[in-house]
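# Structural characterization, general
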Amino acid sequence: MESSPVHAADAEFTVEAVERALHQLFYDPDMAQKNVAQKWLTQAQMSPQAWHFCWALLSQDKVPEVQFFGASTLHAKISRNWSDLPTEQHVSLRTQLITQVCQFASGPKMVLTRLCVALASLVLHTMPDTWPTAVHDLLQAFQTGQGIAGADGRARCLAMLELLAVLPEEFQNSRVPAARRTQLRTTLAGQWSAVCPLLQQLLRQADSPTQVRMRVLQCLASWMALDVSLGDSEGLLQDSFSMLSDPELFDTAVETIVSTISQPDSHRFADTLVKLVPLVLGLQDQLRKAVETADIETSHGICRIAVALGDTHCRTLLEHVDQWQGFQALVNMILFCTGIPGQYPVDETTSSLTLTFWYTLQDDILSFEGDRQALYLQVYRPLYFQLVDVLLHKSHFPSDEGYASWSSDDKEQFRIYRIDISDTLMYVYDLLGPEMLRSLYDRLGRLLTDTGRTAAWQDIEALLFGFQSIAETVDVSDSDVIPGLIGLIPLINVTNVELADTVMFTIGSLGEWLADHPLMLGGILPVVLQALSNPDLSVSSVSALKRICRECRYNLQPHADNILAATQDVLVKQIHKSTQCMWLMQALGFLISALPGEQILGKLLSLLSPHLQQLENLTKEMPSPSNKSTIVHILGLFSSLFTTLDTNAEPQGSEDMAVARPAAPPHPDPHPVVVVLQQFFPLIQAVLSKWLTDSEVVEAACAIFDKSLKTLLSSFAPLVSQLSELVGQMYGAIPQAATLELTRQLVHIFSGEKEHFAPIKRLLELLSSITLSIFQQEPRDHPDIVDSFMRLHAQVLKRKAELYLSESLDIKALFYCEKPTVKSTCLFFTELVSHCEDIPAVGEVLQEDGKLLLQALLEGIGGQAPRSLMEYFAEVLLGMNRHCHSLISAWMQEVLLIPNFPSAQVSMEQKQTFNQQVLREQTNKRRVRDIVRDFSLQCRGLHGTEYAGDY
């Protein structure tokens, strides 16, 4: 834009320049030029000249886009730069703004709205001190038209309603201190007594245009967000229900009613809420007619109103025992909405809205005590049994043809919907108890044993889905129907993938029960093993087997050969995707862990031999993408197996828990996994000889040893020396975070054992040398390596600080390395400074260069680092103060004397206070964090502002 104002000086923020920039923004095809124009226009809005050119842009001869920018600029100046305007100009600005609102009362709508928002901002700046009667004066002006020209009565009315609608919204969006916000909220809420009657009058007038009524409804919703009294709004809210019969107002009326009765403090007005129940029940005829005519929007809206009242105010309405029949009718109305005809989500989307209500009702009933709880249980338990029937019906799959025609998005929505139903059924079990399972079992038994008719697979699947939903999370060990269910499963004629999936998931959910009843395994395992060969049942069948192997591992010895044979077959035939293959190996890890010790090695070698042979063949071939994916897959199988193969048989927990466990005493014989790894080691070396520079292969190889270390702990000892050498080779070829993490595990488990100290020490020296050379180049290109490296050295300092006595370890270079990953670096320095007394080299480095570390910390606290990192800086400061107090005392005094350091926002007095507070605390970590946080806010100019509350 050659004549663009982009390169102009501030003095050239003129009307003409702004119009040229707007033209460039809207019409220039070059995105780069659009961005330049956008940036310039933002600067223009911030300039002092904006107070003047905004009025010219609102001229009636300008195009709407220009007028809109003028109105937006006016709002920006009032909301952000109010203090720049002299007090004596406030009244004239108000008058001009009201005039402009009236001039645009007939449109364009977007300009009118922005002008009303600007006027609302002005009101908020002047109430209640300089313009306490703002709302009253504005209502008077717009109603009478006194002193206002250029708008007829209807246009003024719409402009007034627009202003009333945006005023609370502008308050919600404004950034003001908490005390001022409370004052404004109270002042605005006090104006509701004048606004509400006016809105009610406009809504009730027979000749009020639809547009006026719509804005009245929007005003009500907007003002209710100010926590105005629902009791004072009762008449207006009741009138809003009458608007539901007008198709043009229906959606707006629904939004208004729902938002009004959902306000957090509306429960205080119990009498008003009770009066709303008949109004909601009065919508039932309209609801049923909408369902009959497939009017989805209407049925959805009415359901939202019923659920909003029932869910938000369930306990309040239950407490009015004398009104129990009305509330019961409301509950039945919501049950109708839950079971609304049609298939979710292609025919209806209403039923999902109701599910949370059933949680609320159940919780509130059970929260009562004594007679009242007994009364409500008597009333609502039968209704909850109806709910179970409704939910199971809604969970039905459609016909095979219908389901095949669904889009992938519809299928995903239905899957999530069934999960929500499953969660609801599980929760309802707490209320209905074993009787619920008995009901499901009886129905399933009748379906499967009735020879007179063939049951639809959807009916069988839905009942199994109900069982699975409960057994998934509820303890059903005492249920007397589970043995019968196990006996019924083999009777199911599985002709459908969806039914087969649910059978598998149901079996998996009964894993804990089967562990207590191992005799039932013989009848159920063949069903699972047979399903393994079906790729369509990959996820469900593998998941079921994994859960059985995990929960029942000590009872599976009689079935071990069958399980191993079936899984080996599907693994060799590559029936399943990689993820499910990994699950299978984890399942086998659980299984083999529980076998007698003398059987484990043989089973392992038999299981792994085909994969070892395939891997050996691949080492003889030239590297290729297909070979690589196969190698990574096979290595993944090994690491998955070793993740769960724990012969110590400790309780199941997360993988990371293994790192925190104390090392188990050495096993007298080599652990079977160690024997396998020893045989496997030459093959790994052969693989890496060709793939040593491929990060994905190296990572997969590291995962095998990482998982084995976490599982075997001290039993891994025979491999420490070999692995240390291999890790050094891998890291030397291609530095990678995975190798550093593996070294961290070695340090954690074995650094304290004398016979392993030397290889770990050599490995640490090698890794440090290589990593420090990376730091000297461009460490910011390798944040993962830097992070893992710092975590490794923090672990070394924590577990075996004597490793730092090595002459080959350059502590000074470590101290000076670049630090793109601040969190792990702070962890490292926190550990490092704690050894300044017992490791002479650390003390020397801190003595010489600790001041630079302190300066870097203060720069970060002063604003050079995100506020989220302040707690880590505080920990390093605390460590320095605790372990080298005399040094930090001198350094703090010295660096804080530097002008404008660490920020120009803080005074010398504030810096001295910070210095004294930090040096005083040597033990209280939380106190130091608070001191650092407050000083950081002062440095950023945020202390005492609303932004500080987000910290």
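Details of the structure are given in the entry above.
This write-up is about the structure you can find in this document. This one's a predicted model, so the numbers in the text were calculated from it and none came from an experiment.

The rules behind these values
- Residues numbered from 1 in each chain as written.
- Predicted model: local features only at pLDDT ≥ 70, side-chain atom pairs only at ≥ 80, totals over all residues.
- Heavy atoms only, no water.
- 1 Å grid on protein atoms, 1.4 Å probe; cavity = no way out; pocket = protein on both sides within 12 Å on 5 of 7 lines; lining within 4 Å.
- Points joined across faces, edges and corners; volume = space filled by probe spheres on them.
- Nonpolar A, V, L, I, M, F, W, Y, C, P; charged D, E, K, R; others polar.
- Helix = DSSP H or I, 4+ residues; strand = E, 2+ residues; numbered from the N terminus.
- Polar contact = N/O pair within 3.5 Å; in protein donor to acceptor, adjacent residues only side chain to side chain.
- Contact = heavy atoms within 4.5 Å.
- Salt bridge = Lys/Arg side-chain N within 4 Å of Asp/Glu carboxyl O.
- Buried < 20%, exposed > 50% of the residue type's maximum accessible area, 1.4 Å probe, protein only.
- Expected span 1.5 Å × (residues − 1).
- Core = buried A, V, L, I, M, F, W, Y, C linked by side-chain atoms within 4.5 Å.
- Phe/Tyr/Trp six-rings, centres within 6.5 Å; stacked < 30°, edge-to-face > 60°.
- Lys NZ or Arg CZ within 6 Å of the ring centre and 35° of its normal.

## Some points on the layout of surface pockets
- Here the largest pocket defines a volume of roughly 610 Å³.
- Surrounding the largest pocket, 21 residues form its lining, F397, R415, R418, D501 and F505 being those nearest its centre.
- The residue inventory of the lining of the largest pocket, partitioned by class, reads eight nonpolar, five polar and eight charged.

## Describing the side chain of H671
- By the secondary structure assignment, H671 is in the loop between α34 (657-660) and α35 (672-691).
- One polar contact links the side chain of H671 to the main-chain amide nitrogen of V673, over a distance of 3.0 Å.
- Setting aside its immediate chain neighbours within four residues, H671 contacts L645, T647, L712 and S715.

## Brief notes about the pattern of salt bridges
- Applying the stated criterion across every chain yields a total of 31 salt bridges.
- Among the salt bridges present, the one from K275 reaches E234, with a minimum N-O distance of 3.1 Å. On the criterion of sequence distance, the pair formed by K275 in helix α14 (residues 270-281) and E234 in helix α12 (residues 234-242) is long-range, its members being 41 residues apart.
- Residue classification places K275 among the partly exposed positions, given a relative accessible area of 43%.
- According to the relative accessible area criterion, E234 is buried, its value standing at 17%.
- Counted as one network, the salt bridges with shared partners bring together K109, E162 and R215.

## Observations regarding helix α11 (residues 210-224)
- Its 15 residues give α11 an end-to-end C-alpha distance of 21 Å, which sits within 8% of 21 Å, the value for a rise of 1.5 Å per residue.
- Of all the residues in α11, the buried ones are V212, R213, R215, V216, L217, C219, L220, S222, W223 and M224.
- Next to the buried residues of α11 lie α8 (153-173), α9 (178-190), α10 (192-204), α12 and α13 (250-261).

## Describing the nonpolar core
- Core analysis: the biggest nonpolar cluster contains 302 residues, and L361 and Y380 have the highest contact counts within it.
- At 12 residues, the largest contribution of residues to this core is made by α8.

## Some details on the packing of aromatic side chains
- Evaluation of the coordinates by the stated rule reveals 20 aromatic pairs.
- With a centroid separation of 5.0 Å and 55° between ring planes, the pair formed by F13 and W40 is classed as tilted. Taken together, the residues span a long stretch of sequence, with F13 in the segment before α1 (15-27) and W40 in helix α2 (residues 31-46) at a distance of 27 residues.
- Taking relative accessible area as the criterion, W40 reaches 2% and is therefore assigned buried.
- Between the aromatic rings of Y376 and Y380, the centroid separation amounts to 6.1 Å while the plane-to-plane angle is 35°, which identifies the pairing as tilted. One end of the pair is Y376 and the other is Y380, both in helix α20 (residues 370-394) and four residues apart, which spans about a single turn. Each member of the pair, Y376 as well as Y380, carries the same accessibility label: buried.
- Of the aromatic side chains, those joined through ring pairs into one cluster are Y344, F397, Y403, W406, F414, Y417 and W457.
- Directly above the ring of F368 sits R315, whose terminal nitrogen or CZ lies 4.3 Å from the centroid.

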